[in-house]
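Structural overview
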Amino acid sequence: MLGKLVDLRRRQEQGQNLAAAPRSRRTVPVPAQTFALFRAHRRQQAADRLMAGERWKDDGLVFPSKVGTPMDPDHIDRTWHKIRAAAGLDAHVLPEIERAAVDEAAKHLFG
């Protein structure tokens, strides 16, 4: 079963008038298990929002910091290296992981 994911906010930020250009809308098929992960992530983000209280800055990000702001790229990099090292993966394994993820997504989306 596939769901639909539409990024309307980004199109509005890019100056697109969605009401005037309905044909510009695109639907991206998303596997049900991916939606389950999005829902779990949304629940965690709601908990983060409550914990942050007034410090929370709602920028509408899908993957924000613990206070709603954009993540620091250096933090993302440090976190990736910790995870990679803990898993015993080579430092240059990221391109292989990216290719595997794209291949897996393509199998689900296009059969």
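Provided above is the structure to which this section pertains.
Here we summarise the structure given alongside this text. For clarity, every value in this text was computed on a predicted model and none was experimentally measured.

Rules used in this analysis
Residues numbered from 1 in each chain as written. Predicted model: local features only at pLDDT ≥ 70, side-chain atom pairs only at ≥ 80, totals over all residues. Heavy atoms only, no water. Helix = DSSP H or I, 4+ residues; strand = E, 2+ residues; numbered from the N terminus. Buried < 20%, exposed > 50% of the residue type's maximum accessible area, 1.4 Å probe, protein only. Contact = heavy atoms within 4.5 Å. Areas by Shrake-Rupley, 256 points an atom, 1.4 Å probe, with all protein chains shown as cover. Expected span 1.5 Å × (residues − 1). Salt bridge = Lys/Arg side-chain N within 4 Å of Asp/Glu carboxyl O. Phe/Tyr/Trp six-rings, centres within 6.5 Å; stacked < 30°, edge-to-face > 60°. Lys, Arg positive; Asp, Glu negative; His and termini not counted.

Brief notes about the overall build of the protein chain
When helices and strands are tallied, the protein chain shows four helices and two strands. Listed by position from the N terminus, the elements making up the protein chain come as β-α-β-α-α-α. Split into buried and exposed, the 111 residues of the protein chain put 14% on the buried side. Put simply, of all contacts in the protein chain between residues at least 6 apart along the chain, 29% involve residues at least 24 apart. In the form shown here, the protein chain has an accessible surface area of approximately 9100 Å², with 59% of it arising from carbon and sulfur atoms.

A short note on helix H3 (residues 73–86)
At 3.6 residues per turn, the α-helix brings residues three or four places apart onto the same side. In this model, H3 (14 residues) spans 20 Å end to end at C-alpha, consistent with the 20 Å of a helix rising 1.5 Å per residue. Note on H3: the residue one or two positions beyond its end, glycine 88, has a positive phi of about 75°.

Some points on the pattern of salt bridges
For the structure shown, the criterion picks out one salt bridge. For the salt bridge of aspartate 48 with lysine 66, the shortest nitrogen-to-oxygen distance reads 3.4 Å. Remark: lysine 66 occurs in the loop between helix H2 (32–52) and H3 and aspartate 48 occurs in helix H2; sequence separation between them is 18 residues. The class for lysine 66 is exposed, based on a relative accessible area of 55%.

Notes on the packing of aromatic side chains
One pass over the full model with this rule turns up one aromatic pair. Note on phenylalanine 35 and phenylalanine 38: the rings are 6.3 Å apart at their centroids and 75° apart in plane angle, and the pair reads as edge-to-face. Of the two residues, phenylalanine 35 and phenylalanine 38 both sit in helix H2, three residues apart, roughly one turn of that helix.

Considering the side chain of arginine 84
As for its position among the elements, arginine 84 is in helix H3. Among buried charged residues, arginine 84 stands out as having no salt bridge; its nearest opposite-charge side chain is aspartate 90, 6.1 Å away.

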